[in-house]
Amino acid sequence: MVVVATLATLVVAALASLFMAWSIGAGSSGSTPFAPAVGANAISVMRAGFVVGVLGLSGAVLQGANVTEAVGTELVVGSVLTATASTVALIVAAALVAIGVFAGYPIATAFTVTGAVVGVGLANGGGPAVAKYQEIVALWTLTPFVGGGIAYGTARFLRNESVPERVAVPALGGVVGLLVANIRFAALGGESGRSLAEVGAAATPPLSVAGVDVGVVAVSALFVLASVAVVRREIVVDPARGQRRFLLVLGGLVAFSAGGSQVGLAIGPLVPLLDEVAVPLPTLLVGGGLGLLIGSWTGAPRMIKAISQDYSSLGPRRSIAAMIPSFAIAQAAVALGIPVSFNEIIVSAIIGSGYAAGGAGVSREKMLKTVLAWIGSLVLAFGLAYGAFTAIDAVL
């Protein structure tokens, strides 16, 4: 009887995790990456939903382990995420995110899941992971300033009349190439994954100068030069089309990063249960990635259409300015294993790029309400999860 009850609880937890993955795919990770490209008429809404789903699945499988393990094991001190606790956390968080999806207003997924997991963990006798909370709060606090600041500077750079567009946009392409060369992929081996630059450098004789691997620098430089050349060719042939294609590439990179970051929010609470069901983490990542994909295909088009309206007032240049820091911050969060809200990243970047043109396309009232929604989602998720688990535990 006990075995049946335990198995039933695990099944419910898995279904709650799948629902959470669907909600995330339909919401933040599925809607934000290609919203700028849709706003710039570079891709249709339905096609954007399809592509973001595939890329999100790829990111989940190749980069999702860090954030997944952090959410599952590092938010609360002690082995307190039981099957019941994980189920309660996932249901509370998924319900709040789904409400945001159907209401057409994005909810900060990372805030919601973090609040729910911490809530059930503390309610079950766990201790606060103060050091991890400090890292999370630091990233969440810095994101609006760093992301918004970089977006503002990038937009100003693109608007600078003394810098020709055929120089400015390819230069930004080179920055993106540098980032791509140095992001880490679990599939490439190593304890925390390896970058493309490291893999390329491994094929050359080892040489370091002042502790810097010359091979990694050389491969990174090749990525930069190749990216500059490709983007420059597109811009010279047709500037408008070149900008739209660059936006598509940025959207793809952000969608991939979203999968690597957001899948951990859906399946992280299941990590402490893996020993009971003998399911390897890669299999769990695939399952979570498929949930994101289904959510992106079935629910994201609605949100993409809504968010793209914000970007249409920014235009291609400021959309490019918003997407570059979004990609960089998302990859930094994946590398550090910190759950991060894509809504926070994107909204902050929109504000920064919008203010580069004197605040055009930026609604202060809407931004204030969004910030309050972030804080409210964290507090509400914590309170609901803590109360729900306490009540269920008392009954059981």
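Every value quoted in this text rests on a predicted model; they were computed, and no experiment measured them.

How each quantity is defined
Residues numbered from 1 in each chain as written. Predicted model: local features only at pLDDT ≥ 70, side-chain atom pairs only at ≥ 80, totals over all residues. Heavy atoms only, no water. Helix = DSSP H or I, 4+ residues; strand = E, 2+ residues; numbered from the N terminus. Expected span 1.5 Å × (residues − 1). Bend = angle between axes of the 7 residues up to and from the residue. Buried < 20%, exposed > 50% of the residue type's maximum accessible area, 1.4 Å probe, protein only. Contact = heavy atoms within 4.5 Å. Core = buried A, V, L, I, M, F, W, Y, C linked by side-chain atoms within 4.5 Å. Phe/Tyr/Trp six-rings, centres within 6.5 Å; stacked < 30°, edge-to-face > 60°. Axes fitted to C-alpha atoms, helices over the stretch in contact; angles between N-to-C directions. Parallel < 35°, antiparallel > 145°, perpendicular 65-115°, else oblique. Left-handed = near helix turned anticlockwise from the far one by under 90°. Nonpolar A, V, L, I, M, F, W, Y, C, P; charged D, E, K, R; others polar. Patch = residues over 30% accessible without salt bridge, like charges linked within 9 Å, V, L, I, M, F, W, Y side chains within 5 Å. Areas by Shrake-Rupley, 256 points an atom, 1.4 Å probe, with all protein chains shown as cover. Salt bridge = Lys/Arg side-chain N within 4 Å of Asp/Glu carboxyl O.

Visitor: In this structure, what is going on with helix α8 (residues 130–159)? I would like to understand it.
Guide: The α-helix winds at 3.6 residues per turn, so residues separated by three or four positions along the chain end up facing the same way. Taking 1.5 Å per residue, 30 residues should reach 44 Å; α8 reaches 43 Å between its end C-alpha atoms and fits that length. Helix geometry: α8 is bent most strongly at leucine 142, by close to 40°, with proline proline 144 lying one to four residues after it. All of the buried residues along α8 are Lys132, Tyr133, Ile136, Leu139, Trp140, Thr143, Gly147, Gly148, Ala151, Thr154, Ala155 and Leu158.

Visitor: What is the right way to read the environment of glycine 264 from this model?
Guide: Within the element layout of this structure, glycine 264 appears in helix α12 (residues 239–267). With relative accessibility at 0%, the residue glycine 264 sits in the buried group. Sequence-wise, glycine 264 and alanine 70 are 194 residues apart; in three dimensions their C-alpha atoms are separated by 8.0 Å. The residues touching glycine 264, leaving out its near neighbours within four places in the chain, are Val67, Thr68, Val71 and Pro269.

Visitor: What should I look at first to understand the nonpolar core in this one?
Guide: Most often, soluble globular proteins keep nonpolar side chains buried together rather than apart. Among the nonpolar cores identified, the biggest contains 59 residues, and Met20, Val71, Leu75, Val113, Val117, Val120 and Leu281 are the most heavily contacted of them. No other element matches helix α6 (residues 83–103), which puts 10 residues into this core. Beyond its immediate stretch of four places on either side in the chain, valine 113 contacts Met20, Val71, Ala93 and Leu265. Within the second largest apolar cluster, 36 residues are counted, among which are Ile43, Val163, Leu253 and Ile346.

Visitor: Just to check I follow, could you spell out the packing of aromatic side chains for this structure?
Guide: Ring pairs (aromatic) are described by centroid distance and by the angle formed between their planes. The tally for this structure, following the rule as stated, stands at 5 aromatic pairs. Seen from their ring centres, phenylalanine 111 and tryptophan 140 are 4.2 Å apart, and the 10° between their planes marks the pair as stacked. On the criterion of sequence distance, the pair formed by phenylalanine 111 in helix α7 (residues 109–123) and tryptophan 140 in helix α8 is long-range, its members being 29 residues apart. You'll find phenylalanine 111 and tryptophan 140 in the same group, each marked buried.

Visitor: So what exactly am I meant to see when it comes to the packing of helix α9 (residues 165–182) against α12 here?
Guide: The geometry of a pair of packed helices is captured by two quantities: the angle between their axes and the separation between those axes. Between α9 and α12, whose axes approach to 12 Å, the crossing angle comes to 15°. With respect to α12, the element α9 is oriented roughly parallel. Taken as a pair, α9 and α12 cross one another with a handedness that is left-handed. Residues Glu165, Val169, Leu172, Gly173, Val176 and Val180 of α9 form the contact with α12, whose own contacting residues are Pro239, Gln243, Phe246, Leu250 and Leu253. Looking at the contact of α9 with α12 residue by residue, the classes come out as 8 nonpolar, 2 polar and 1 charged.

Visitor: What am I meant to see in a nonpolar patch on the surface here?
Guide: The grouping of Leu7, Val11 and Leu15 at the surface amounts to a nonpolar patch, some 290 Å² of accessible area in total. Following the sequence through the fold, leucine 15 ends up in helix α1 (residues 2–26).

Visitor: Is there a simple way to think about the environment of threonine 370 in this case?
Guide: Position of threonine 370 relative to the elements: it lies in helix α18 (residues 364–395). We classify threonine 370 as buried; its relative accessible area is 6%. Here the alpha-carbon distance between threonine 370 and isoleucine 107, two residues 263 residues apart in the chain, equals 8.4 Å.

Visitor: What am I meant to see in the pattern of salt bridges here?
Guide: Pairing is possible between side chains of opposite charge, provided their charged atoms come close. A complete count under the given rule lists 6 salt bridges for this structure. For the salt bridge of lysine 132 with glutamate 74, the shortest nitrogen-to-oxygen distance reads 3.0 Å. Residue lysine 132 is found in helix α8, and its partner glutamate 74 is found in the loop between α5 (65–73) and β1 (76–77); the two are separated by 58 residues along the sequence. Exposure remark for lysine 132: the relative accessible area of 9% places this residue in the buried category. A relative accessible area of 36% means that glutamate 74 is categorised as partly exposed. Glutamate 165 serves as the salt-bridge partner of arginine 317, at 2.9 Å between the closest nitrogen and oxygen. With arginine 317 in helix α16 (residues 315–336) and glutamate 165 in helix α9, this pair connects stretches of sequence that are 152 residues apart. For arginine 317, a relative accessible area of 36% corresponds to the partly exposed category. Given a relative accessible area of 22%, glutamate 165 falls into the partly exposed group. Each of the salt bridges in this network shares a partner with another, and the network as a whole consists of Glu74, Lys132 and Glu135.

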